[in-house]
Amino acid sequence: MESVLLPTLTKKEEIDRIINNTIDKVLVLRFGRTSDENCLLLDDILEKSARDVSKFATVALVDVDSDQVQVYVNYFDITLFPSTVFFFNAHHMKLDSGTADHTKWVGKFHEKQDFIDVVEVIFRGAMKGKMIVHCPLPPERIPKFQLLYKDV
């Protein structure tokens, strides 16, 4: 089942275009599969939140099964789904959520307000020129994953 409200990107050029053309807003890219239950749960939260964050964020889905987006999947080391990456004015925004990986949010958000709070903190930090912001959610609301790094 594909999202009705959120655009689904399947080509590198589409991702390049949305990253470069999203100005003065946070760009939220959800990397995942439409066949994955956790991705569908996150997509539901993203769809319900899209209108609430529309003044300061744009949300899009990236289909990781498309051969044409693998350069981004590899670059951001997307191995767990869903993974959410944030940008502001074509700059990759990082989120310190107390996990080893600050480059993306791995997993789903517990509820709509959690997502809104994270995007708002990223927006406020980006407007102040910050490239990394501290996650506003309490530790129990942050998904925990054991990250394994290759050749370390």
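What counts, and where the lines are drawn
- Residues numbered from 1 in each chain as written.
- Predicted model: local features only at pLDDT ≥ 70, side-chain atom pairs only at ≥ 80, totals over all residues.
- Heavy atoms only, no water.
- UniProt positions renumbered as here; feature names shortened; annotations may be inferred.
- 1 Å grid on protein atoms, 1.4 Å probe; cavity = no way out; pocket = protein on both sides within 12 Å on 5 of 7 lines; lining within 4 Å.
- Points joined across faces, edges and corners; volume = space filled by probe spheres on them.
- Helix = DSSP H or I, 4+ residues; strand = E, 2+ residues; numbered from the N terminus.
- Nonpolar A, V, L, I, M, F, W, Y, C, P; charged D, E, K, R; others polar.

- Per an unreviewed UniProt entry, the protein goes by the name Thioredoxin-like protein 4B and belongs to Brassica napus.
- Quoted straight from UniProt, the Subunit (unreviewed entry) entry for the protein says "Homodimer. Interacts with the U5-102 kDa protein subunit of the spliceosome."

1. So, empty space enclosed by the protein
Then step 1. Under the defined criterion, the tally for this structure stands at one cavity of 30 Å³ or more.
Then step 2. As a volume, the largest cavity reaches approximately 30 Å³.
Then step 3. Residue lining of the largest cavity: T8, R30, G32, R33, T34, L61, V62 and D63, and that is the complete set.
Then step 4. Elements that contribute at least two residues to the lining of the largest cavity include exactly β2 (26-32) and β3 (57-63).
Then step 5. Tallying contributions element by element places β3 first for the lining of the largest cavity, with three residues.
Then step 6. In the lining of the largest cavity, the residues fall into two nonpolar, three polar and three charged.

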